[in-house]
Every structure is written in C-alpha cells, then in structure tokens.
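# Per-entry structural report
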Amino acid sequence: MDREQRDLVLEQDVGLIWREERVSCPHEDLLRAWVEGGLEAGPGGFVAFHVETARCPWCSVKVQEIREAREGRPVPEKAVEKATEKALRSTFLGLRRK
Ligand SMILES: [Zn+2]
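This report concerns the structure included in the present document. Counting restarts for each chain: residues are numbered from 1 in the order of the written sequence. With pLDDT at 70 or above as the cut-off, local features in this predicted model cover only qualifying residues; side-chain atom pairs require 80 or more to be listed or tallied, and sums for whole chains, interfaces and linings still use all residues.

## So, the overall build of the chain
Put simply, the test is: Put simply, DSSP H or I for four residues or longer makes a helix, DSSP E for two residues or longer makes a strand, and each gets a number counted from the N terminus. Burial is judged by counting other C-beta atoms within 10 Å of a residue's own C-beta: 20 or more means buried, 12 or fewer means exposed, and anything between counts as partly exposed, with every C-beta placed from the backbone. Placing C-beta atoms from the backbone, we regard two residues as in contact once those atoms come within 7 Å.
Along the chain, the regular secondary structure elements total 5 helices and 0 strands. Counting from the amino terminus, helix and strand elements in the chain follow one another as α-α-α-α-α. Taking all 98 residues of the chain together, the buried fraction comes to 14%. Put simply, 67% of the contacts in the chain that link residues at least 6 apart link residues at least 24 apart.

See below:
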C-alpha cells in the first residue's frame, strides 16, 4: 500500500468515527444556549442547521430535554453565559491548535 492509499483509508476511518461517535454534534452547552436564544449568528446557524436541517436524532432529543427542563426549572442566565463562553473558548482553542 503506498502513502496515498494509506491516507485515503485513514480518511475513511476518520469519517466513520465522526459519524459513529457523533463528534460533529454541538456540545450540550451550545444546544442549551441555542434553545435559550443566547447564541450569535455563527454558532447559532451551525446548531440550527444541525438540529433543524440535518435533523440529528440525538441532538433533537437533547433539545427536547432542554426545553422540557426549562419549563419546570429555568436555567439561571449567568450559568448559561458561562457555559457558552467555555464551550466557545474550547472550540476556538481547538481550531488554533491545528
Ligand atoms: Zn447531533
């Protein structure tokens, strides 16, 4: 197997892992912030696409859970802000590390 073929196989494996492990799913904190309406257009658009257009079954369930939890037990605004900031920062750091 030459180098090019090996890279191709590796790419396919990564794709499979991504789908199986749901690596492309937004973090739960981001889903919650999106439900709260606290996301900016960029990340908000990503979550909206993921949940509403791609209809990810796992995230749809998660969003439903978050909405139900909100009805009974409102999340303090500060906690949401903090969680979103943390999630965005780790995403940002992840991108910079490339
Ligand atoms: Zn998802």
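Moving on from the model shown.
## Focus on the packing of helix α2 (residues 28–36) against helix α4 (residues 57–72)
Heads up, the condition is: Axis definition: a line fit to C-alpha positions, over the contact stretch in the case of helices; interaxial angles, taken between N-to-C directions, run 0 to 180 degrees. Reported orientations rely on four angle classes, namely roughly parallel under 35 degrees, roughly antiparallel over 145, roughly perpendicular from 65 to 115, and oblique for the rest. Crossing handedness is defined as follows: a turn of the near helix away from the far one that is anticlockwise and smaller than a right angle gives a left-handed crossing, while the clockwise case is right-handed.
Close contact between α2 and α4 brings their axes to 10 Å; oriented N to C, the two are set at 55°. As far as their axial angle goes, α4 and α2 are oblique. The crossing of α2 and α4 is right-handed. In contact with E28, L31, R32 and V35 of α2, α4 contributes C59, K62, V63, I66, R67 and R70.

## What about the environment of R32?
Relative to the elements of secondary structure, R32 occurs in helix α2. Each C-alpha atom of the pair R32 and I66 lies 6.3 Å from the other, and the pair is 34 residues apart in sequence.

Limitation: the analysis is restricted to geometry and does not speak to function.
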